[in-house]
Amino acid sequence: MTIPKLGLGTWFIDDDKAAEAVRAAIEIGYRNIDTAQAYGNERGVGEGVRTAGVAREDLFVSTKLAAEIKDHDKAVAAIDGSLEKLGLEYIDLMLIHSPQPWDHFRGGDYADGNRQAWQALEEAHGAGKIRSIGVSNFLEPDLENILEHGNVTPHVNQILVHAGNTPTELIAYCQAKDIVVEAYSPIAHGEILTNRAVGAIAEKYSASVPQLCIRHTLQLGTVSLPKTANPDHMRANAEVDFTISDHDMETLRDLTEKDYGDSAVFPVYSGT
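- The chain is annotated in an unreviewed UniProt entry as Putative oxidoreductase, aldo/keto reductase family of Gordonia polyisoprenivorans.

If you want it as structure tokens, here you go:
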């Protein structure tokens, strides 16, 4: 199936609360659910998917291979581990979570390890365990390594994209290679909420800042993955049926806002 353009991110949703959040999202109308081995909530997400009362083939479920796994055999075991934890017969999309282990994010040479992990994903894809395969947090050189040595072009690159951090060159590169870009943290992990310039633009469209930010990522041609366990926020995040003008899109694209506050302790927000 085609990846639904709006999905539910589940980072920081505890395993014992994930099923309820997923069921709520699906009841509201979400059909794209994103998790990861690193989130520690695959079991709960899978339960939510299985008990939501919507046919499995109508849902798009993604997970991610732990960033530390840069070995073929360990990747094979981890893929099977995700299937078991989720309790699903297949996964719609599985990604390599990062080109480097988190302790070495944006450092070190893990090209061979990524090729090994990718081979394991390709094998699972060929066996029908995973419907589509991709990567996350990959820059151009990381992608070129896979494109040069792999047999399957990554279907997806899931990257940090939000007003204030719009990697236009990387997005264009991916789109030119027919790699779908998924935007995680489209609301900048909440830090963009107090930005006055973004607030002023949102007001023009009678939209909230989160709605404007989600719409921005959608108009960039990406799949947007806002994270929330709050059903009211889920509903509001899906109400983005408006069009941002070219001028305002340019303003949002050119904005630089990369202060993630306390969240800067996480590698993806560290600025490296």
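## A word on the overall build of the chain
Moving on, step 1. The number of helices and strands found in the chain is ten helices and eight strands.
Moving on, step 2. The C-alpha radius of gyration of the chain comes to 18 Å, within 12% of the 19 Å expected for a compact globule of 272 residues.
Moving on, step 3. For the C-alpha atoms alone, the extent of the chain along its principal axes is close to 50 × 40 × 35 Å.
Moving on, step 4. The burial tally for the chain puts 54% of its 272 residues in the buried class.

## Topic: the side chain of asparagine 195
Moving on, step 1. Secondary-structure assignment places asparagine 195 in the loop between β7 (180–184) and α7 (196–204).
Moving on, step 2. With a relative accessible area of 12%, asparagine 195 lands in the buried category.
Moving on, step 3. Within the structure, the side chain of asparagine 195 is placed 2.9 Å from the backbone nitrogen of valine 198, a separation counted as a polar contact.
Moving on, step 4. Not counting residues up to four positions away in its chain, the partners in contact with asparagine 195 are Leu255 and Glu257.

## Regarding the sheet that holds strand β6 (residues 156–160)
Each strand in a sheet pairs with its neighbour through backbone hydrogen bonds, running either in the same direction (parallel) or in the opposite one (antiparallel).
Moving on, step 1. Strand order in the open sheet made by the eight strands is β1-β2-β3-β4-β5-β6-β7-β8, with parallel pairing throughout. Bordering the open sheet on either side are β1 (8–9) and β8 (223–225), each of which pairs with just one other strand.
Moving on, step 2. Direction of pairing for β6 relative to β7: parallel, over a ladder of five bridges. Within the sheet, the bridge partner assigned to asparagine 157 lies in β7 and is valine 181.

## Some thoughts on the pairing of strand β4 (residues 91–96)
Moving on, step 1. Most of β4 is tucked away: six of the six residues are buried.
Moving on, step 2. Across four bridges, strand β3 (residues 60–65) lies against β4 in parallel orientation. Looking at β4, one finds that serine 62 is bridged to leucine 93.
Moving on, step 3. Handedness of the crossover is the feature at issue here: the chain leaves β3, passes through helix α3 (residues 72–86), returns alongside β4, and the resulting connection is right-handed.

## Some words on the pattern of salt bridges
Moving on, step 1. The full count for this structure, using the stated rule, is ten salt bridges.
Moving on, step 2. The salt bridge involving aspartate 15 is made with arginine 43; its shortest N-O contact spans 2.9 Å. With aspartate 15 in helix α1 (residues 15–28) and arginine 43 in helix α2 (residues 42–50), this residue pair connects regions lying 28 residues apart in the sequence.
Moving on, step 3. With its nearest N and O atoms 2.8 Å apart, the salt bridge here joins aspartate 248 to lysine 204. You can see aspartate 248 sitting in helix α10 (residues 246–254) and its partner lysine 204 sitting in helix α7, a full 44 residues away along the chain.
Moving on, step 4. Overlapping salt bridges bring together Asp15, Arg23, Arg43 and Glu47 as one network.

## Focus on the UniProt feature "binding site: substrate" (unreviewed entry) in the chain
Moving on, step 1. According to UniProt, the feature "binding site: substrate" (unreviewed entry) maps to His97 in the numbering used here.
Moving on, step 2. Note that histidine 97 resides in the loop between β4 and α4 (111–126).
Moving on, step 3. Assessed through its relative accessible area of 7%, histidine 97 is described here as buried.
Moving on, step 4. Other than its neighbours up to four places away in sequence, histidine 97 contacts Ala36, Ala38, Tyr39, Lys64, Leu65, Ala66, Ala67, Trp102, Ser136 and Asn137.

## Some words on the packing of α2 against α3
Moving on, step 1. Interhelical geometry of α2 versus α3 gives an angle of 50° and a closest axis separation of 7 Å. Looking at the two axes, α2 sits oblique to α3. For the pair α2 and α3, contact is made by Glu42, Arg43, Val45, Gly46, Glu47 and Arg50 and by Ser82, Lys85 and Leu86, respectively.
Moving on, step 2. Across the contact of α2 with α3, the residue classes tally to two nonpolar, two polar and five charged.

Rules of the game
- Residues numbered from 1 in each chain as written.
- Predicted model: local features only at pLDDT ≥ 70, side-chain atom pairs only at ≥ 80, totals over all residues.
- Heavy atoms only, no water.
- Helix = DSSP H or I, 4+ residues; strand = E, 2+ residues; numbered from the N terminus.
- Rg over C-alpha atoms; globule rule 2.2 N^0.38 Å.
- Buried < 20%, exposed > 50% of the residue type's maximum accessible area, 1.4 Å probe, protein only.
- Polar contact = N/O pair within 3.5 Å; in protein donor to acceptor, adjacent residues only side chain to side chain.
- Contact = heavy atoms within 4.5 Å.
- Pairing = 2+ DSSP bridges.
- Right-handed = clockwise from strand over helix to strand, strands pointing away.
- Salt bridge = Lys/Arg side-chain N within 4 Å of Asp/Glu carboxyl O.
- UniProt positions renumbered as here; feature names shortened; annotations may be inferred.
- Axes fitted to C-alpha atoms, helices over the stretch in contact; angles between N-to-C directions.
- Parallel < 35°, antiparallel > 145°, perpendicular 65-115°, else oblique.
- Nonpolar A, V, L, I, M, F, W, Y, C, P; charged D, E, K, R; others polar.

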